[in-house]
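Architecture at a glance
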Amino acid sequence: MKYFLSSVLFLLFTKPLPAQKRAIDSLNRLIEKASSDTQRINLRLAQCRIISNDNLDSGIALGLSILAEAKKINYIHGQAEARIRIAGDYNFTGKYDKAKENLDSTREMLAHYPDSGEMAKMYNIYGSMYSMQNMLDTSHGFFNRSIEIARLMHDKGMLSTALQNNAIAFQQESNYPKALSNYQEALNASVAINDEDGEAYIDVNIAITYISLDETKRAEESYLKSVAIARKLNLKNVLAYSYSNLASLYGSLKDFSKEYYAAMEAVELGKEMGDLGIEASSLTRAGDALAGENKFDEAQKFNQQAIAIADSSRQPLNIFQAYSTMGYLLHMQKKYAAAIPYLERAFHSIRESDIYVEEVGRTYANLSDSYEKTGKFEKALDAYKMATKISDSIRGKENIKKSTELTLNYEFQKSQQKVQDEQQKKNDLAKVRQTALIIGLALTFILAVVAFRGFSNKRKANLLLQEQKEKVESTLSELKSAQSLLIQSEKMASLGELTAGIAHEIQNPLNFVNNFSEVNKELSDELAEEAEKGNIVEVKMIAKDIKENSEKINHHGKRADAIVKGMLQHSRSGTGIKEPANINALAAECLKLTYQSMRSKDNSFQADCQTHFDETIKKIPIIQQDMVRVLVNLFNNAFYAVGEKIKRPVQGYNPMVSVSTKGSENNITITVIDNGSGIPQKVVDKIFQPFFTTKPTGQGTGLGLSLSYDIIKAHGGEIKVITKENEGSEFIIELPCK
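Predicted model only: the values in this text are computed from it and were never measured. (Residues numbered from 1 in each chain as written. Predicted model: local features only at pLDDT ≥ 70, side-chain atom pairs only at ≥ 80, totals over all residues. Heavy atoms only, no water.)

It is worth spelling out the overall build of the protein chain at this point. Within the protein chain, the regular secondary structure consists of 25 helices and 7 strands. Going through the 738 residues of the protein chain one by one, you find that 41% of them count as buried. Within the protein chain, counting contacts between residues at least 6 apart in sequence, those at least 24 apart form 63% of the total. Looking at the protein chain as shown, the accessible area adds up to about 41,200 Å², and 53% of this sits on carbon and sulfur atoms. (Helix = DSSP H or I, 4+ residues; strand = E, 2+ residues; numbered from the N terminus. Buried < 20%, exposed > 50% of the residue type's maximum accessible area, 1.4 Å probe, protein only. Contact = heavy atoms within 4.5 Å. Areas by Shrake-Rupley, 256 points an atom, 1.4 Å probe, with all protein chains shown as cover.)

This paragraph deals with the packing of helix α13 (residues 236-252) against helix α15 (residues 276-292). It is the contact of α13 with α15, at a shortest axis distance of 10 Å, that shows an interaxial angle of 25°. Considering their axes alone, α13 and α15 lie roughly parallel with respect to each other. The crossing of α13 and α15 is left-handed. Contact residues: α13 offers A240, Y241, S244, A247, S248 and G251, while α15 offers I278, S281, S282 and R285. Residue classes in the contact of α13 with α15 are distributed as 4 nonpolar, 5 polar and 1 charged. (Axes fitted to C-alpha atoms, helices over the stretch in contact; angles between N-to-C directions. Parallel < 35°, antiparallel > 145°, perpendicular 65-115°, else oblique. Left-handed = near helix turned anticlockwise from the far one by under 90°. Nonpolar A, V, L, I, M, F, W, Y, C, P; charged D, E, K, R; others polar.)

Moving on to the confidence of the model for the protein chain. On average, residues of the protein chain score 79 in pLDDT, and 80% of them reach the 70 mark or higher. Low pLDDT (under 50) marks residues 394-419, which in the prediction has 7 contacts with non-local residues, meaning those over four places away or in another chain. Below pLDDT 50 for its whole length, residues 569-574 participates in 11 contacts with residues either more than four positions away or in separate chains. (pLDDT = per-residue confidence, 0-100.)

Bringing a nonpolar patch on the surface into the picture now. Among the surface-exposed residues, F445, I446 and V450 lie close enough to one another that they form a single nonpolar patch of about 290 Å² accessible area. By the element assignment, I446 lies in helix α21 (residues 442-533). (Patch = residues over 30% accessible without salt bridge, like charges linked within 9 Å, V, L, I, M, F, W, Y side chains within 5 Å. Salt bridge = Lys/Arg side-chain N within 4 Å of Asp/Glu carboxyl O.)

Attention now goes to the sheet that holds strand β5 (residues 667-674). With mixed pairing, the 5 strands of this open sheet are ordered in space as β2-β4-β5-β7-β6. Of all strands in the sheet, those bounded by a partner on one side alone are β2 (608-612) and β6 (718-724). Strand-to-strand twist in this sheet, taken as the mean axis angle between neighbours without regard to direction, amounts to 10°. As paired strands, β6 and strand β7 (residues 728-736) are joined by 7 bridges and run antiparallel to one another. Within the sheet, the bridge partner assigned to E718 lies in β7 and is E734. (Pairing = 2+ DSSP bridges.)

A separate point is the pattern of salt bridges. Taken as a whole and assessed by the stated rule, the structure comprises 19 salt bridges. Between D626 and R629 there is a salt bridge, and its shortest N-O distance comes to 2.8 Å. Of this pair, D626 and R629 both sit in helix α24 (residues 624-647), 3 residues apart, roughly one helical turn. The residue E644 makes a salt bridge to K647 at a minimum N-O spacing of 2.9 Å. Placement of the pair is E644 and K647 together in helix α24, with a separation of 3 residues, close to one helical turn. Assessed through its relative accessible area of 25%, E644 is described here as partly exposed. One network of salt bridges, with partners in common, ties together D37, R40, R44 and E69.

For the rest of this paragraph, the subject is the nonpolar core. Counting residues in hydrophobic clusters, the biggest one holds 100 residues, and the most contacted among them are Y126, Y243 and L246. With near-sequence residues (within four places) excluded, Y243 lies in contact with V227, R231, Y261, A262, E265, A266 and L269. In this structure, A581, F635, F639 and I733 belong to the second largest nonpolar core, which totals 42 residues. (Core = buried A, V, L, I, M, F, W, Y, C linked by side-chain atoms within 4.5 Å.)

Tracing the sequence through the fold places S222 in helix α12 (residues 216-233). For S222, a relative accessible area of 10% puts it in the buried group. The contacts of S222, once residues within four sequence positions are left out, are D203, I206, A207 and Y210.

Taking 1.5 Å per residue, 19 residues should reach 27 Å; helix α23 (residues 583-601) reaches 27 Å between its end C-alpha atoms and fits that length. Along α23, the positions that sit buried rather than exposed are I583, N584, L586, A587, C590, L591, L593, T594, Y595, Q596, S597 and M598. Where α23 starts, the residue carrying a side-chain oxygen 3.0 Å from the main-chain nitrogen of N584 turns out to be N582. (Expected span 1.5 Å × (residues − 1). Polar contact = N/O pair within 3.5 Å; in protein donor to acceptor, adjacent residues only side chain to side chain.)

The next point concerns a negative patch on the surface. A grouping of E518, E522, D525, E526, E529, E532, D545, E548 and E551 is seen on the molecular surface, where their side chains present a negatively charged patch. Residue assignment for the negative patch shows that the elements contributing at least two residues are α21 and α22 (536-571). Tallying contributions element by element places α21 first for the negative patch, with 6 residues. Residue placement: D525 occurs in helix α21. (Lys, Arg positive; Asp, Glu negative; His and termini not counted. Charge placed at Lys NZ, Arg CZ, Asp CG, Glu CD.)

Tallying each qualifying case throughout the model produces 11 aromatic pairs. Through pairs of rings, three or more aromatic residues link up here, namely Y123, Y126, Y130 and F142. (Phe/Tyr/Trp six-rings, centres within 6.5 Å; stacked < 30°, edge-to-face > 60°.)

Right, let's get into the pairing of β7. Bridging between β5 and β7 involves 8 bridges; their strand directions are antiparallel. By the bridge assignment, I668 is partnered in β7 with L735.

Before going further, it helps to spend a moment on the packing of α12 against α13. It is the contact of α12 with α13, at a shortest axis distance of 9 Å, that shows an interaxial angle of 155°. Of the possible angle classes, the one that applies to α12 and α13 is roughly antiparallel. Both α12 and α13 take part in a crossing whose hand is left-handed. In this structure, α12 uses T216, A219, E220, Y223, L224, S226, V227, A230 and R231 to contact α13, whose residues at the interface are V238, L239, S242, Y243, N245, L246, L249 and Y250.

With that settled, the discussion passes to helix α9 (residues 156-172). The periodicity of an α-helix, 3.6 residues per turn, causes residues three or four positions apart to be oriented the same way. When the terminal C-alpha atoms of α9 are compared, their 25 Å separation across 17 residues agrees well with the 24 Å that a helix rising 1.5 Å per residue should span. Judged by how many residues are buried, α9 sits mostly within the fold: 14 of 17 residues are covered. Directly after α9, the chain includes S174, whose backbone phi takes a positive value near 65°.

Turning our eyes to something else, we now look at the environment of R285. When you line up the elements, R285 lands in helix α15. Between the alpha carbons of R285 and A306 there is a distance of 9.4 Å; along the sequence they are 21 residues apart. When neighbours within four sequence positions are excluded, R285 is seen to be in contact with A247, S248, G251, E259 and A263. Looking at R285, its side chain comes within polar contact range of the side chain of E259, at 2.8 Å.

With respect to the helices and strands, L631 occurs in helix α24. Since its relative accessible area comes to 0%, L631 is described here as buried. Spatially, the C-alpha atoms of L631 and I733 are 10.0 Å apart, while their sequence positions differ by 102 residues. In contact with L631, other than residues within four places in its own chain, are L586, A587, C590 and I670.

This brings us to unusual backbone geometry. Positive phi outside glycine occurs at H154, with the angle close to 55°. Within the element layout of this structure, H154 appears in the loop between α8 (136-153) and α9.

Our focus in this paragraph is the side chain of Q47. Residue position: Q47 is located in helix α3 (residues 37-54). Here Q47 falls in the buried class, since its relative accessible area comes to 7%. With near-sequence residues (within four places) excluded, Q47 lies in contact with I24, L27, N28, I31 and L62.

What follows is the structure, given as C-alpha cells:
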C-alpha cells in the first residue's frame, strides 16, 4: 500500500499549471514594470510557484533568492510566503529537517497574524510534512488548524486544499469514512468556486477510497466523472492517472475489453506527457487484458514494450509489474522455464521494499509452481512459503476489516434495541395513564375541555387561512401587474429593434440630403460671383448643377419619406383587425431592419442575409404590427446566435441568417434559419414558455418567443423549432391563407 498512497499524495500536491512557459513570460514582463519592491517580490513568488511545479531544485533556489530580497526591505509577508514555498519544496524532496526549519521561522514571523492566509498555508505544509513521515495524529492537528482559518476567512480554495490533505492522512490510517467525509466537503468547496480542475483531482482520490472499501461501482463512477472533467480542461496527467486506475479496476472485474480500452488511453497520454511510469504500467495492463482473452502473442508484445520502458524509468513498482506480468503470461502457457527469469527479475526490483499486496502474492505463487514444474523443489518451497505469508497477511487485514464492520453493526443494533426498549416503556406508561383517565367522572370534564380547545383551535385556523388567502390574492394581483408590464416591455423591445433599424436605414438618404444641400449652398455663392462678372456661360453651368442636386435632394427625401411611412404602417398601434399583407415584403423589410439594428449596436458585426421567397404567394390576412413583432423577435434571436458563435474562434465559420417562404393551397410556411450556436437539446421543450430564456441575465426577458407563439396561435397557425447545439436553429411558422 505504500506506493498506492504516495501516488495519491503526488497527485494532490503537484497539480500542474497550464501554459507554464506563457505564464512565466507574462510574469517576467510584469516584474520589469513593477512599481515597487513589494510588488516585484509578490510577482516573483507567483513565478516561484510555477517553476517549483516543474523542477523542485529550481523552485528552492528561486525561493531563497526571493527570501533574501524580502529581508533587505524588511517585507515580513514576503519573507513568510517565500519560506512557505521553500518548505513545501523541501517537503517533496524528503528534506524534512530543512522544511521544518523554514516553517518554524515562518511561525515566529507571523505570531501577530494568527488567522492570516499565510498561517493557513503554513499549517497546511506542516500537516503534509508530518503526513509524509506517517506521524498522522500530528498532521491532523495542523490540517484542522488550516481548515479552521480557511473557514474564518471564507476562502473556499484554501479550505478545499486543507480538507483534501486531511482526507489523505485519514486514508493512510485506513479511516475511509473520515476520508470520504473530508473529500466530500472539499468537493463542495471546489464546486462553490467553480474550480473544475480541483473537482477532477478530488474525484480521483474519492475513487481510490472507494476501491479500498470494495465499492467498485462507485469507484468507477468517480473515475469516469474525473475523466469527463479532465478531458474538458485538457488535464492530461489526471486523465492518464484516471484511465490507468480504471484499467486496474476493470482487470479486477475481469472486464477485459474495458480494461484494454482504458489501458491504451493511458498509454497514449503517457507518451504525450513523456511519463514513462504511466506508459509502462498501462502497457502492462493492456497485456493483462489481452491475456485474459487468450491473445498471448499480442499480450507478450505489449509486455516486452512495457519491460523496456519500465527499465528506462527505474521505478521499482513499474519494473515489478512489467516483469511479473510477463512471467504470469508464460506461466499461463505452461512455459515454466521461460517464466522463471522474469519472475525472479520482478522480485529483484522490489527487494528493498516491504510490499504485501495480492499481486506480489500471486507472483510468488507463480514462481513456486514454475520451480516445482522444472524440478527446483527447494526454491519452490521457499517461494510457496512467501506466497502463503502474504496471503495470510492479506487475509488478516480482511479479517480485521470484517471484524470492524461486525463491531460497528453490533453497536448499531445495540443502540437501536435500547431506543426500542425506551419506546416500549413510554407506550406502557401511556396505556396506564389512558386507563386511569377513563375511570371516573373526571373523564367528562376532560372531554369537554378537549372539545372547547378543538373549537378554539379551529377558529384560529380559519382566521389564519383567511389571512393567507388574502395574502395569496394580493401576491397574485401583483404578479399579474408585473406580467403585464413585462409583456409591454417585450413589445416595446420589438419596436425598439425596428426603430434602431429605421434610424440606421434612414441615415443614408438623410446624409445625401445634407451633403447635396451643402453643395448647393456653395454653388449658389459661386453663381452670384459669376453673375457679377457677367460670365453667362459659367452661370448656366452652375445653375444646371444646382438643378441636378435639387433633384437628388428631392429623390432622397422621398426615399426617406417612404421608409418612415412604410415602417410606421408596420409598427403603429393597430386595431387588432386582420388586413391583407404581402408576407414576402414584410419579411424582407424586417430582416433588413433587424440586421441594421445589430450593426448600429456593433459596427464590426457582419452576417450573410439571404432571402428565398415564393413569388406565387398572394396577400394573406394578418395583423401586421403583431406579425412584425414575431419576425423581429426571430431575426433578433438568429443574429444573436450567430454573434455568439462569432465570439468563439471557429475555423471557416461564415455567419448566415436566411428567411424563406413557401405557399400551398391552404397554408403559407415562413422559415427562419441561422447557423449560430443553436439551442441545447435539454431546453428545447421550454423555449416557448413565458420568462424562459437562454440568454445571460439582463439580456432577455424570456417573453419574445412566448409572445410570438401566442400571436401565431391567435392567427390560427403553428410555430415550431428544429435545432442542433453548435450547428444552428430553424424556426418554422405555418399560417393559414384565409
